[in-house]
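The lines below spell out each chain.
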Amino acid sequence: MDETLLAVIREAGQEHVLKFRDELSPGERSRFEDQLAAVNWRELPQLAAEYVLRRPDTAIPDDLAPADFFPLEPRDAAMRELYARAEARGEELLRAGKVCCLTVAGGQGTRLGFDGPKGTYPIGPATGRTLFSYFAGSVARAQEKYGRTLLWFIMTSPINREATEEYFQKEGFFGLDPEQVFFFTQGTMPAFGHDGKLLLSAKDSLSLSPDGHGGTLRALRVSGALDRMAAAGCEYLSYFQVDNPLVPVVYPRFIGLHALEGAEMSAIMLSKTGPKEKLGNFCVSGGRVRIIEYSDLPEALAEKRNPDGTLAFIAGSPAIHVISRAFVEKLTAGGTLKLPWHRADKKIAALDESGNVTAPAEPNGVKLETFIFDAMPLAEKVVILEGDRQELFAPTKNAVGVDSAESCRRMLTARNARRLRAAGVEIPLRPDGTPDAVIEISPRLVLDDADAGELVRKTGLRAVLPGEVVAL
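Nothing here was measured: the structure is a model prediction, and the numbers come from that model.

Student: Got a minute to help me understand the overall build of the chain in this structure?
Tutor: Across its full length, the chain carries 14 helices and 22 strands. Over its C-alpha trace the chain gives a radius of gyration of 24 Å, about what one expects of a compact globule, namely 23 Å for 472 residues. A principal-axis box enclosing the C-alpha atoms of the chain has dimensions of 75 × 55 × 50 Å. Residue burial in the chain is summarised as follows: out of 472 residues, 51% are buried. Summarising the internal contacts of the chain: among those between residues at least 6 apart in sequence, 75% fall at separations of at least 24. Working note: accessible area of the chain is about 21,100 Å², and carbon and sulfur atoms make up 49% of it. Looking at the chain, you have 56 positive and 65 negative side-chain charges, and the mean spots of the two groups are 3 Å apart.

Dropping the structure here:
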């Protein structure tokens, strides 16, 4: 082993990771040493002290206040005119090829009871169309609508990169040009035991986990994705997560508002359903926009009300952003990016003293990850635009219950029903007002309400029957 590497491992107090090195084959030893060389050993003692050996407290600034945002509906004539200009500017940027899509897709479908990358999970309420299929169809329709190829960057994790690429190849890239789809892999972070020592997942491997969606920005740099964007003339990244098939892959008003306001990083907000809804809170402190997680916002602030009775901290984050490429380039100059770490206590299968893998019944270690919203305080200008929850947010995190595959399929049907009803189709309703049918519309055909109207005109659809399963 390289003596310099050995010295920094010892200096970090982590020499135990080499305990089984003499039992490894030459090939295993070489791969393990490559893995060890990629770790920033000099930062580990500080990380262990700050995030593992004690539980970090989130400091709440004295001047914390709700962040301002542009409302869903314009307040006056001036704002209506601004929104119209933003819509036009966003469409202009799309036609000029200045926008690309960025999907964070590093997760597995474990919580859904699904073995595979989350993006390959079947979510279509009628057809079983997968999450990736939804986005691919929308990308195809958007580039058809705006007359320019739309580059699509997909961030995977080391765990699912190979399976994700194989899936796209098997599906023929859903009719997209393979050259417009760019896969890249997020970084990893070693897991700690509660004693601050790194855990081993095997005799020749640290226990590694993805470094969080905050790692997206650095991964864009080191993967060459930023260079690819620059070469193609893409100036704006439309960022969304793989578990939300309701999200618009491009949102002209949002993109245009970001550009007109000269923002570096912008965000969609949703009006929270209650003080404790599990969404990060858009706040401002020291003139900078930041997110305070729902679990960290003090009770008094979470419950604080405006004179009209609405929540003061009403703006919740669904993790939908527009990010300027120049901002990412600035933050990652030199190939590094320092964002705060967040602690998660987990049950981590790891080697015991005898070299046997043990699966703990209780959390035995700490995984550290970064969040992309922590880049917002680094932006000189942030725009926050209110979104319509029913139109753009249906997260698929659990198999059943809240934010589940069940609720997502219901919301997909509800949006499709609304679009068809707006185009003149009769939709049967249950007593609670929800559609009494299952309705799925191909994203390859319908990107927005105008597309839905054209589809109805072409198909001659007049009514959906009670209990009918409709796939258009």
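Student: It is not clear to me how the environment of Asp-76 should be interpreted in this structure. Could you clarify?
Tutor: Within the fold, Asp-76 resides in the loop between strand 1 (65-66) and helix 4 (77-95). At 2.8 Å, the side chain of Asp-76 and the backbone nitrogen of Met-79 are in polar contact.

Student: So what exactly am I meant to see when it comes to the side chain of Glu-277 here?
Tutor: Mapping Glu-277 onto the fold places it in the loop between strand 11 (265-271) and strand 12 (280-285). Glu-277 gets classed as buried once you look at its relative accessible area, which sits at 16%. The residues contacting Glu-277, other than those within four sequence positions of it, are Lys-272, Tyr-294 and Arg-389.

Student: How should I be thinking about the sheet that holds strand 19 (residues 365-369) in this particular structure?
Tutor: Pairing between the strands of a sheet is mediated by backbone hydrogen bonds and can be parallel or antiparallel. Ordered in space as 6-19-16, the three strands form an open sheet in which the pairing is antiparallel. If you trace the sheet from one side to the other, it starts and ends with strand 6 (192-193) and strand 16 (342-346), each paired once. Note that strand 16 and strand 19 share five bridges and pair antiparallel. The residue of strand 19 that forms the bridge with Arg-343 is Leu-368.

Student: What's the story with the environment of Asp-63 in this structure? I'm lost.
Tutor: Turning to its location among the elements, Asp-63 is positioned in the loop between helix 3 (44-52) and strand 1. Taking the C-alpha atoms as reference, Asp-63 lies 5.7 Å from Ser-285; in sequence the two are 222 residues apart. Aside from chain neighbours lying at most four places away, what touches Asp-63 is Val-284, Ser-285 and Gly-286.

Student: Even after reading the chapter, I still don't get the nonpolar core, so can you show me in this structure?
Tutor: Generally speaking, soluble globular proteins have nonpolar side chains that are buried together. Counting 58 residues, the largest nonpolar core has Trp-152, Phe-168 and Val-250 as the members making the most contacts within it. With nine residues, helix 5 (residues 131-146) is the single largest residue contributor to this core. The residues touching Phe-168, leaving out its near neighbours within four places in the chain, are Phe-132, Trp-152, Ile-154, Phe-173, Phe-174, Val-181 and Phe-183. Leu-151, Ala-225, Val-328 and Ala-379 belong to the second-largest nonpolar core, a separate cluster that totals 41 residues.

Student: Whenever I open this one, the side chain of Ser-317 confuses me. Can you help?
Tutor: With respect to the helices and strands, the residue Ser-317 is situated in strand 14 (residues 315-317). Since its relative accessible area comes to 13%, Ser-317 is described here as buried. Only 3.3 Å separates the side chain of Ser-317 from the backbone nitrogen of Ala-319, close enough to count as a polar contact. Ser-317 has contacts with Ile-268, Leu-279, Gly-280, Phe-282 and Ile-291, leaving out every residue within four places of it along the chain.

Student: Is there a simple way to explain unusual backbone geometry in this structure?
Tutor: Negative phi characterises most residues that are not glycine, and trans characterises most peptide bonds. Even without being glycine, Phe-174 reaches a positive phi, approximately 55°. Positionally, Phe-174 belongs in the loop between helix 6 (161-170) and strand 4 (181-185). Non-glycine residue Ala-319 carries a positive phi angle of around 65°. Here Ala-319 is to be found in the loop between strand 14 and strand 15 (321-324).

Student: Could you clarify how one ought to interpret the environment of His-194 in this entry?
Tutor: As for its position among the elements, His-194 is in the loop between strand 6 and strand 7 (200-202). Counting along the chain gives 169 residues from His-194 to Pro-363, while the straight-line C-alpha distance between them is 9.2 Å. Apart from residues no more than four positions distant in its own chain, His-194 is found in contact with Val-52, Leu-53, Arg-343, Asp-345, Pro-363, Asn-364, Gly-365 and Val-366. A polar atom in the side chain of His-194 sits 2.9 Å from the side chain of Asp-345.

Student: Would you take a moment to explain helix 4 for this structure?
Tutor: Residues lying three or four places apart along an α-helix face the same way, a consequence of the helix completing one turn every 3.6 residues. In a regular helix each residue adds 1.5 Å, so 19 residues correspond to 27 Å; helix 4 covers 27 Å between its end C-alpha atoms and thus fits that length. Each element contacted by the buried residues of helix 4 is listed here: strand 2 (99-104), helix 5, strand 10 (236-241), helix 9 (252-260) and strand 20 (382-386). Its side-chain oxygen at 3.3 Å from the backbone nitrogen of Ala-78, Asp-76 defines the N-terminal cap of helix 4. Remark: Gly-97 follows helix 4 within two positions and exhibits a positive phi of approximately 75°.

Student: What should I look at first to understand helix 14 (residues 449-459) in this one?
Tutor: Of the positions making up helix 14, those classed as buried are Asp-451, Ala-452, Leu-455 and Val-456. What you see down the axis of helix 14 is that its buried residues fit within an arc of 140°, all on one side. Along helix 14, exposed side chains directed more than 90 degrees from the buried face belong to Ala-450, Arg-457 and Lys-458. Once helix 14 finishes, Gly-460 follows within two positions and takes phi at roughly 70°, a positive value.

Definitions and cut-offs
- Residues numbered from 1 in each chain as written.
- Predicted model: local features only at pLDDT ≥ 70, side-chain atom pairs only at ≥ 80, totals over all residues.
- Heavy atoms only, no water.
- Helix = DSSP H or I, 4+ residues; strand = E, 2+ residues; numbered from the N terminus.
- Rg over C-alpha atoms; globule rule 2.2 N^0.38 Å.
- Buried < 20%, exposed > 50% of the residue type's maximum accessible area, 1.4 Å probe, protein only.
- Contact = heavy atoms within 4.5 Å.
- Areas by Shrake-Rupley, 256 points an atom, 1.4 Å probe, with all protein chains shown as cover.
- Lys, Arg positive; Asp, Glu negative; His and termini not counted.
- Charge placed at Lys NZ, Arg CZ, Asp CG, Glu CD.
- Polar contact = N/O pair within 3.5 Å; in protein donor to acceptor, adjacent residues only side chain to side chain.
- Pairing = 2+ DSSP bridges.
- Core = buried A, V, L, I, M, F, W, Y, C linked by side-chain atoms within 4.5 Å.
- Expected span 1.5 Å × (residues − 1).
- Arc of directions from axis to C-beta.

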